[in-house]
Amino acid sequence: MKQTYLPFSNPKLPPGAVFAAKKPGVSITGYKSRKVMFQGVNGEVEAKKWVATLPESKTKAPSVSKGILPANFASKNVIGSDEVGTGDFFGPITVCAAYVDAEMMPLLKELGVKDSKAMKDPEICRIAEKIMPLVPHSVLLCPNPKYNELQKRGMNQGQMKALLHNRAIENVLKKLAPVKPEAILIDQFAEKNTYYRYLAKEPSIIREDVFFATKAEGLHLSVAAASIIARYKFVQAFDAMSKEVGIPLPKGAGPHVDAVAAEIIERFGLETLTKYTKQHFANTEKALKMVKK
Ligand code: MN
């Protein structure tokens, strides 16, 4: 990591630090304890690039806030929600909430619903098409122009995600009424208090029986199903965007993404790139530099 950040290194090291670096919107500090801190508006995005490179065993085991989940949670009737597209330079943040009851579980398992992190996109899309008619769900996308507008007004990704999760869950609750789920499980992206602080101005805030857990895809099939449907809708939006631009767009936020972004700037201008991307990501600057060369 120190090597990677060498071009951005900050010679002033805080106590216990091995390296420090500054990039647009993020300060990175690596400590002797092997802990690395990412601070600033782009901190989450920058950190995610590294998380993606870790083997599954090195990433954290599931953790659950609001105490522990109720007993036999996996067999309860639950609305689960999850999002995709937060670490991708191109494409919209996509959130899905889905309801799975105990009766539906055997069929979903048979159709291949499981943690989508272990699956490639074509398989995810095949399963999504089969389960969407069976599972009451709501998918919400934040198109890139909207994302960029909100981001410029000072809203962070966590806030946007919180708004989308809360609304998607509300939509599913309305579809189910008068049936009520036994619980709601959100794949955790923020502490519970932070999540509700983000929602403070919302007219309707879902609080009853809401649980938060990381790696929640493995804790209830509803989150696994939500994750699959969200990924499917994200891939669809991505394909539509690729068609519109006439260039196959890459996922993620790595160097291959910068190259395509630079090509779009050269051929169509920065404004067109902005229409399809999360503008504040460091990729914008990197692509602009590549064009100038
Ligand atoms: Mn998630």
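- Under an unreviewed UniProt entry, the name given to the protein is Ribonuclease HIII, and the organism recorded is Listeria monocytogenes.
- Per UniProt, the protein has the following entry under Function (unreviewed entry): "Endonuclease that specifically degrades the RNA of RNA-DNA hybrids."
- Comment text from UniProt for the protein, heading Subcellular location (unreviewed entry), reads "Cytoplasm".

1. Observations concerning the coordination of the manganese ion
- Of the protein atoms, only Asp82 (OD) and Asp187 (OD) coordinate the manganese ion, at distances of 2.0 to 2.1 Å. Here Asp82, found in strand β5 (residues 78-84), pairs with Asp187, found in strand β8 (residues 183-187); they are 105 residues apart in sequence, far enough to count as distant.
- Residue class for Asp82 comes out buried when judged on its relative accessible area of 3%.

2. Things to note about the sheet that holds strand β1 (residues 17-23)
- Strand order in the open sheet formed by 3 strands is β1-β2-β3, with antiparallel pairing between adjacent strands. At either end of the open sheet lies a strand with only one pairing partner, and these are β1 and β3 (36-39). Strand-to-strand twist in this sheet, taken as the mean axis angle between neighbours without regard to direction, amounts to 10 degrees.
- In the sheet, strand β2 (residues 26-31) pairs with β3 via 4 bridges, with the strands oriented antiparallel. Bridged to Gly30 within β3 is Val36.

3. Points about unusual backbone geometry
- For the bond running from Ala177 to Pro178, omega is 5 degrees, close enough to zero to count as cis.
- Positive phi is not limited to glycine here, since Asn72 has a value of about 55 degrees.
- Looking at where Asn72 falls in the secondary structure, it is placed in the loop between β4 (64-65) and β5.
- Phi at Lys215 is positive, roughly 50 degrees, even though this residue is not glycine.
- Topologically, Lys215 is positioned in the loop between β9 (210-213) and α8 (221-245).

4. Observations concerning the pairing of β8
- Burial runs high along β8: 5 of the 5 residues are buried.
- Because side chains alternate across β8, one face comprises the buried residues Ala183, Leu185 and Asp187, and the other comprises Ile184 and Ile186, equally buried.
- Relative to β8, β5 runs parallel, the two being bridged by 4 bridges. The residue of β8 that forms the bridge with Ile79 is Ile184.
- Relative to β9, β8 runs parallel, the two being bridged by 4 bridges. Counted as the bridge partner of Leu185 is Phe211 from β9.
- The handedness of the β8 to β9 crossover, carried by helix α7 (residues 192-198), is right-handed.

Rules used in this analysis
- Residues numbered from 1 in each chain as written.
- Predicted model: local features only at pLDDT ≥ 70, side-chain atom pairs only at ≥ 80, totals over all residues.
- Heavy atoms only, no water.
- UniProt positions renumbered as here; feature names shortened; annotations may be inferred.
- Donors = N, O, S within 2.8 Å, 3.2 Å for Na, K, Ca; no water.
- Helix = DSSP H or I, 4+ residues; strand = E, 2+ residues; numbered from the N terminus.
- Buried < 20%, exposed > 50% of the residue type's maximum accessible area, 1.4 Å probe, protein only.
- Pairing = 2+ DSSP bridges.
- Axes fitted to C-alpha atoms, helices over the stretch in contact; angles between N-to-C directions.
- Right-handed = clockwise from strand over helix to strand, strands pointing away.

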